[in-house]
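Residue-level structural notes
Here are the chains, one letter per residue:
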Amino acid sequence: MRKAGMVLALGALLLMACQRGAASPPTPAPATPVPMGLTTGIPAPDFELERLDGGTVRLRDLQGKVVLLNFWASWCVPCREEMPLLASIYRDYHAQGLEILGINLTSQDDFGEVRKFVEEFDPPFPILLDPNGRAERDYRIFGVPTTVFITREGIVHRVKVGILKGREDVEQTIHPLLGLR
């Protein structure tokens, strides 16, 4: 009997609290979405990075050229797979105004492994180092490889996360940017 009385008393208290308009627990605010990847149609973020072979490269100095930025790491298997394609594209289109910059995610890589990677593949284009991850953050890189195509005017035209689908995929993007048919 005593147990039944306590249950009734608790029920009455709950009923009174509900009738008084007791506040329900606050609903958590929806999380602010974090932008994933770089938006196309915006000016490409400028950077100045060290070249592996010495000197620096500033993106703004390349305005007037079509630029392909390839973010990579030595431990990335797809990066290894697409490096010969990028070398071939560079050799075939550099004279028409295409510049390729290989940007190593140096903050996530071992410098000795970076050198071995470059010695193995011997890319004909500049390899840049991003030791503090600034370019990686500015370009919102969340996976490698990531390739960013930039127009002659310095506008982000296309962002491809993951391995490039082959020569035809790259050429379909760069031909119009280079004014080729």
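Now for a look at the structure at hand. (Residues numbered from 1 in each chain as written. Predicted model: local features only at pLDDT ≥ 70, side-chain atom pairs only at ≥ 80, totals over all residues. Heavy atoms only, no water.)

What follows is about helix H2 (residues 77-93). Because each turn of an α-helix spans 3.6 residues, side chains separated by three or four positions end up pointing in the same direction. In this model H2 runs 25 Å from its N-terminal to its C-terminal C-alpha over 17 residues, within 8% of the 24 Å that 1.5 Å per residue would give. Turning to H2, its buried residues are Cys 79, Glu 82, Met 83, Leu 85, Leu 86, Ala 87, Ile 89, Tyr 90 and Tyr 93. Taken together, the buried residues of H2 touch strand S3 (66-72), strand S4 (98-104), helix H3 (111-121), strand S6 (146-150) and helix H5 (167-178). (Helix = DSSP H or I, 4+ residues; strand = E, 2+ residues; numbered from the N terminus. Expected span 1.5 Å × (residues − 1). Buried < 20%, exposed > 50% of the residue type's maximum accessible area, 1.4 Å probe, protein only. Contact = heavy atoms within 4.5 Å.)

Here we take up the side chain of Asp 130. Structurally, Asp 130 can be placed in the loop between strand S5 (127-129) and helix H4 (134-138). Put simply, Asp 130 is tucked away with no salt bridge, and the nearest opposite charge, on Arg 137, sits 6.8 Å away. Within the local environment of Asp 130, its side chain forms a polar contact with the backbone nitrogen of Arg 134, the two atoms lying 3.1 Å apart. Among the polar contacts made by the side chain of Asp 130, one reaches the main-chain amide nitrogen of Glu 136 at a distance of 2.9 Å. In this structure Asp 130 touches Leu 49, Ile 103, Asn 104, Leu 105, Thr 106, Ser 107, Ala 135 and Glu 136, once residues within four positions along its chain are discounted. (Lys, Arg positive; Asp, Glu negative; His and termini not counted. Salt bridge = Lys/Arg side-chain N within 4 Å of Asp/Glu carboxyl O. Polar contact = N/O pair within 3.5 Å; in protein donor to acceptor, adjacent residues only side chain to side chain.)

The next subject is the packing of aromatic side chains. Two aromatic rings, taken as a pair, are described by how far apart their centres are and by the angle between their planes. Under the criterion given, the structure shown has 5 aromatic pairs. Look at Phe 47 and Tyr 139: their rings are 6.2 Å apart centre to centre, the planes differ by 70°, and that puts the pair in the edge-to-face class. Here Phe 47 is found in the loop between helix H1 (2-19) and strand S1 (48-51), whereas its partner Tyr 139 is found in the loop between H4 and S6, with 92 residues between them in sequence. Considered together, Phe 47 and Tyr 139 belong to a single accessibility category, that of buried residues. (Phe/Tyr/Trp six-rings, centres within 6.5 Å; stacked < 30°, edge-to-face > 60°.)

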